[in-house]
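Secondary and tertiary structure notes
Given next are the chains, with one letter for each unit.
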Amino acid sequence: MKIFVTGGTGYIGSHTCVELLNAGYEIVVIDNFSNSKPEVIEKIKEITEKDFKFYEGDVCDKELLKKIFTENNIDAVIHFAGYKAVGESVSKPLKYYRNNIDSTLTLLETMNEFNCKKLVFSSSATVYGKPKSLPIKEDFDLSTTNPYGSTKLMIEDILRDLYISDNEWSIAILRYFNPIGAHKSGLIGENPNDIPNNLMPYIVKVANKELECLNVFGNDYDTHDGTGVRDYIHVVDLSLGHIKAIEYILNSKGIDEYNLGTGNGYSVLDLVKTFMKVNDVEVKYKITDRRPGDIDACYADASKAQEILGWKAKLGIEDMCRDAYNFIKKNK
Ligand code: NAD
Ligand code: UD1
């Protein structure tokens, strides 16, 4: 079976390429390196001791996609490629709508032309907006608060419309909660060049003395210690969810949405304290104002993915903290 992976050198894509190769799939990968580096290709090969075909280019490039589908007999696609920074999407909405929507439409049109109708799409828990209750189930109301989130919700709607028009499609929409951690080899992981927006990359840089102090955004939330609660999931567990989703769509038709989370909520301070303990390192922090737009708490009911896809996250918060730091130490 041959799987086409868009955005395959990115954070989640690279880990999923490793698990696809480990599971015996052939992969064909595209990335334009807008948010990743070419050396990731060699790292994936080193971890798996397997080879694969890579195309450098843009998923919005229709001619390139046609060439890839002509040269390779693709059975299914996992579509990771897209921009993901919430703050930047507010200041540069057109950049986000253009890239995220255009790449998806170009991909879907090409898949249609080549009669390849099996797709796994990277959505996000951001499509739940401010959830009415917890844990979050897939049938909760959907809404968004920023252009990034809106691109995810629009793409979900496009996929649902596509399926209504043609029941031959088989589509799994995966709504990720908060992926953190890294492959245990320390060869691949998340290492943003700029000052990170997300919590774990920031903690790691403070521990590594690249940044001085973590700002904890608010301690007056309605949570057990007042700091924001999220459902952190190890990126390797998340990647294994994609393998289960691929197995499922290869043998079925339809469209469905799945939460990929652990079902456990941890606060900012839970994460900071666990990180310090398992890595025996100090992370300086101070309490600051709330970040606009943040919600008190967000965690998944992940039972649907378990029942239908046969997937459940296995790794704990300690593994996530240890592996995130191991990656950064090895890639100083
Ligand atoms: P990432 O930025 O590390 O990976 C995305 C990859 O896609 C990058 O390598 C980038 O170079 C590439 N890319 C972007 N636009 C492209 C284009 N037009 N053509 C070719 N390549 C392109 O992000 P990630 O964390 O691995 O996320 C993967 C997907 O999962 C994204 O769609 C993201 O929105 C979604 N997601 C991520 C998170 C998260 O916290 N990381 C949470 C929910 C959803
Ligand atoms: C963010 C995105 C969301 C995306 C998700 C996963 C925003 C507003 N939302 O969500 O769309 O799907 O990442 O990529 O960016 N925190 C601090 N200090 C920091 C950074 C974060 O205290 O320096 C706190 C936040 O207030 C929050 C928690 O840590 O309570 C997690 O933050 P973050 O990692 O940015 O993820 P989300 O806010 O869940």
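Quick notes on the rules
Residues numbered from 1 in each chain as written. Chains lettered and ligands numbered in written order. Predicted model: local features only at pLDDT ≥ 70, side-chain atom pairs only at ≥ 80, totals over all residues. Heavy atoms only, no water. Near = heavy atom within 4 Å. Polar contact = N/O pair within 3.5 Å; in protein donor to acceptor, adjacent residues only side chain to side chain. Areas by Shrake-Rupley, 256 points an atom, 1.4 Å probe, with all protein chains shown as cover. Helix = DSSP H or I, 4+ residues; strand = E, 2+ residues; numbered from the N terminus. Nonpolar A, V, L, I, M, F, W, Y, C, P; charged D, E, K, R; others polar. Phe/Tyr/Trp six-rings, centres within 6.5 Å; stacked < 30°, edge-to-face > 60°. Buried < 20%, exposed > 50% of the residue type's maximum accessible area, 1.4 Å probe, protein only. Disulfide = S-S within 2.5 Å. Pairing = 2+ DSSP bridges. Right-handed = clockwise from strand over helix to strand, strands pointing away. Expected span 1.5 Å × (residues − 1). Core = buried A, V, L, I, M, F, W, Y, C linked by side-chain atoms within 4.5 Å. Contact = heavy atoms within 4.5 Å. Axes fitted to C-alpha atoms, helices over the stretch in contact; angles between N-to-C directions.

Here's the deal with the site of ligand 1
In the region of ligand 1, 26 residues are neighbours, and Asp31, Asn35, Ser36, Lys84 and Asn99 sit closest. In this structure, an oxygen atom belonging to ligand 1 sits 2.8 Å away from a main-chain N or O atom of Tyr11. With respect to ligand 1, the backbone of Ile12 contributes an N or O atom lying 2.8 Å from an oxygen atom. Here ligand 1 has 820 Å² of accessible area as a free molecule, and 95% of this is covered by the chains. Top element by residues in the shell around ligand 1 is strand E5 (residues 118-124). It accounts for three residues. Taken together, the residues of the shell around ligand 1 break down into nine nonpolar, 13 polar and four charged.

Describing the packing of aromatic side chains
Within the structure shown, the criterion is met by six aromatic pairs. For the pair Phe33 and Phe54, a centre-to-centre distance of 5.4 Å together with 25 degrees between the ring planes defines the contact as stacked. Of this pair, Phe33 sits in the loop between strand E2 (26-31) and helix H2 (39-48) while Phe54 sits in strand E3 (residues 53-56), placing them 21 residues apart in sequence. In this structure Phe33 comes out as buried when scored by relative accessible area, which is 16%. We classify Phe54 as partly exposed; its relative accessible area is 22%. Seen in terms of ring centroids, Phe275 and Tyr325 are 5.3 Å apart; in terms of plane orientation they differ by 70 degrees. Their pairing is edge-to-face.

Topic: the state of the cysteines
Scanning the entire structure with this criterion turns up zero disulfides. As a non-bridged cysteine, Cys60 has Cys116 as the owner of its nearest cysteine sulfur, 18 Å distant. Look at Cys60 and you get partly exposed, because its relative accessible area is 23%. The structure places no disulfide on Cys298, whose sulfur is separated from the nearest cysteine sulfur, that of Cys321, by 18 Å.

Points about the site of ligand 2
Near ligand 2, the surroundings consist of 17 residues, among which Leu199, Asn215, Arg230, Arg291 and Asp294 are the closest. Between Asn215 and ligand 2, the recorded distance is 2.7 Å, taken from a backbone N or O atom to a nitrogen atom. The side chain of Arg230 places a nitrogen or oxygen atom 2.6 Å from an oxygen atom of ligand 2. Against a free-state accessible area of 740 Å², the protein chains account for coverage of 85% of ligand 2. Top contributing element to the shell around ligand 2 by residue count: strand E8 (residues 214-217), with four residues. Here the residues of the shell around ligand 2 sort into seven nonpolar, seven polar and three charged.

Brief notes about the pairing of E3
Where E2 and E3 come together, four bridges link them in parallel fashion. Each residue of the ladder has a partner; that of Val29, found in E3, is Phe54. Taken together, E2, H2 and E3 constitute a β-α-β crossover, and its handedness is right-handed.

A short note on helix H8 (residues 235-250)
Helix length check: H8, at 16 residues, gives a terminal C-alpha distance of 23 Å against a target of 22 Å (1.5 Å per residue), a fit within 8%. The buried count for H8 comes to 12 of 16 residues, which makes it a mostly enclosed element. If you check which residues of H8 are buried, you get Val235, Val236, Asp237, Leu238, Ser239, Gly241, His242, Ile243, Ala245, Ile246, Ile249 and Leu250.

Focus: the nonpolar core
Membership of the largest hydrophobic core comes to 39 residues, with the highest contact counts inside it found for Ile3, Val5, Leu20, Ile27, Val120, Leu174 and Ile246. With eight residues, the top contributor of residues to this core is H8. What Ile246 contacts, discounting residues up to four positions off in sequence, is Ile3, Tyr25, Ala76, Ile78 and Val120. Within the second largest apolar cluster, 27 residues are counted, among which are Ala207, Val281, Ala324 and Phe327.

Quick notes on helix H9 (residues 268-279)
Given a rise of 1.5 Å per residue, 12 residues ought to cover 16 Å, and the 17 Å separating the end C-alpha atoms of H9 matches this to within 8%. Turning to H9, its buried residues are Val268, Leu269, Leu271, Val272, Thr274, Phe275 and Asn279.

Concerning the sheet that holds strand E1 (residues 2-6)
Taken together, the seven strands give an open sheet; going across it, the order is E3-E2-E1-E4-E5-E6-E11, and neighbouring strands pair in parallel fashion. On the outer flanks of this sheet lie E3 and strand E11 (254-260), each paired with one strand and no other. Averaged over all neighbouring strand pairs, the angle between strand axes comes to 15 degrees, with direction disregarded.

Let's talk about the environment of Asn99
Within the element layout of this structure, Asn99 appears in helix H5 (residues 93-113). The class of Asn99 is buried, set by a relative accessible area of 11%. Put simply, Asn99 and Asp58 are 41 residues apart on the chain and 9.4 Å apart in space, counted from C-alpha to C-alpha. If we skip the residues at most four places from it in the chain, Asn99 touches Asp58, Cys60, Gly82 and Tyr83.

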